[in-house]
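Understanding the architecture of this molecule
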Amino acid sequence: MSEKAGRLPAVTIYSDGACKGNPGPGGWGALLLSGAREKELFGGEALTTNNRMELTAVIRALEALKRPCEVNIYTDSQYVRQGITAWIANWRRKGWRTAGGQPVKNLELWQQLDRLANGGEHRITWHWVKGHAGDAGNERADALANKGVPEPEETTDETRENG
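Anyway, here's the lowdown on the structure attached to this text. No experiment lies behind these values; they were computed from the predicted model shown.

Each helix and strand counted, the protein has four helices and six strands in total. Each helix (α) and strand (β) of the protein, taken in turn from the N terminus, gives the series β-β-β-α-β-α-α-β-α-β. Considering the protein as a whole, with its 163 residues, one finds that 44% of them fall into the buried category. Contacts in the protein between residues far apart in sequence, at least 24 positions, make up 68% of those at least 6 positions apart. Surface accessibility of the protein: about 8300 Å² in total, with carbon and sulfur atoms responsible for 48%.

Next up, the structure:
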């Protein structure tokens with residue numbers, strides 16, 4: 001990933017989560033693209049929810065960036081996209097409570113994502129894509145998420161880099 005004339009390197013991230021049962025064994029996957037380089041990340045948990053895996057996919061992808069970047073994130077999760085772009089400011093203002101006064105679910109993951117996404121290091125644009133609708137990047141992220149779903153009594157995390 002190279003910087004030209006002070007511009008940040010451009011990275012495209014496709015992220016997805018999967019869960020076999022909700023809750024149940026789940027996986028997360030992310031595809032990072034920058035020029036000719038690509039990196040595949042995936043992992044999973046033995047007992048989790050789909051929303052936790054959707055959040056984890058984006059968090060792990062942002063953690064994998066080694067320097068500030070111009071990032072386009074594509075997710076098929078309205079929960080993640082709406083949460084980070086529309087709801088999180090109010091949650092913070094209300095002491096991490098929802099509009100209905102309930103504690104925000106998956107709080108530790110939202111706080112992690114908030115630090116990564118709104119901490120000023122990256123310039124992030126969030127995009128929603130319809131899942132299972134033929135978008136090549138989303139389909140690859142979905143396959144990685146399913147690959148990350150652990151067998152009983154197993155937890156996984158893996159990174160693969162090409163290019």
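After that view, the rundown keeps rolling.
Taking 1.5 Å per residue as the helical rise, helix H3 (residues 107–118) with its 12 residues ought to reach 16 Å, and the 16 Å between its terminal C-alpha atoms agrees with that figure. For H3, the set of buried residues is Leu109, Trp110, Leu113, Asp114 and Ala117. Buried positions in H3, seen along its axis, are confined to an arc of 140° and lie on one side of it. Tucked into the core, H3 has its buried residues touching helix H1 (50–64), helix H2 (78–93) and strand E5 (123–128). Positive phi appears at Gly120, one or two residues downstream of H3, with a value of about 90°.

The next thing to look at is the pattern of salt bridges. By the definition in use, this model includes six salt bridges. The salt bridge partner of Arg140 is Glu38, with a shortest N-O separation of 2.7 Å. Taken together, the residues span a long stretch of sequence, with Arg140 in helix H4 (residues 136–148) and Glu38 in strand E3 (residues 37–48) at a distance of 102 residues. Given the relative accessible area of 30%, Arg140 is considered partly exposed. Between Glu63 and Arg60 there is a salt bridge; the shortest N-O distance is 3.1 Å. Placement of both Glu63 and Arg60 in helix H1 is noted, with a separation of three residues, approximately one turn of the helix. With relative accessibility at 30%, the residue Arg60 sits in the partly exposed group.

Taken as a whole, this structure holds four aromatic pairs when the rule is applied. Aromatic rings pair up to connect Tyr79, Trp87, Trp91 and Trp110 into one cluster.

What follows deals with unusual backbone geometry. The omega torsion across Asn22 and Pro23 is 15°, close enough to zero to call that bond cis. Structurally, the position occupied by Pro23 is in the loop between strand E1 (10–19) and strand E2 (24–34). A positive phi angle, near 60°, is found at Asn106, a position not held by glycine. With respect to the element layout, Asn106 can be found in the loop between H2 and H3. Its identity as a non-glycine residue notwithstanding, His132 has a phi of 55°, on the positive side. Residue His132 is classed as exposed on the basis of its relative accessible area, which comes to 59%.

Okay, the pairing of strand E4 (residues 70–75) next. Judged by which residues are buried, E4 turns out to be one-sided: Val71, Ile73 and Thr75 face inward and are buried, whereas Glu70, Asn72 and Tyr74, on the alternate face, are not. In this structure, E4 lies alongside E5, joined through six bridges in parallel fashion. Note that in E5 the partner of Ile73 across the bridge is Trp126.

Quick look at H2 now. Compared with the 22 Å implied by 1.5 Å per residue over 16 residues, the 21 Å span of H2 between its first and last C-alpha is a close match. At Trp87, H2 shows its maximal bend, which comes to roughly 65°. When H2 is considered as a whole, its buried residues turn out to be Tyr79, Val80, Gly83, Ile84, Ile88 and Trp91. Summarising the contacts, the buried residues of H2 are in contact with H1, E4, H3 and E5. Trailing H2 by a residue or two, Gly95 shows a phi angle of about 70°, which is positive.

Reading guide: rules and limits
- Residues numbered from 1 in each chain as written.
- Predicted model: local features only at pLDDT ≥ 70, side-chain atom pairs only at ≥ 80, totals over all residues.
- Heavy atoms only, no water.
- Helix = DSSP H or I, 4+ residues; strand = E, 2+ residues; numbered from the N terminus.
- Buried < 20%, exposed > 50% of the residue type's maximum accessible area, 1.4 Å probe, protein only.
- Contact = heavy atoms within 4.5 Å.
- Areas by Shrake-Rupley, 256 points an atom, 1.4 Å probe, with all protein chains shown as cover.
- Expected span 1.5 Å × (residues − 1).
- Arc of directions from axis to C-beta.
- Salt bridge = Lys/Arg side-chain N within 4 Å of Asp/Glu carboxyl O.
- Phe/Tyr/Trp six-rings, centres within 6.5 Å; stacked < 30°, edge-to-face > 60°.
- Pairing = 2+ DSSP bridges.
- Bend = angle between axes of the 7 residues up to and from the residue.

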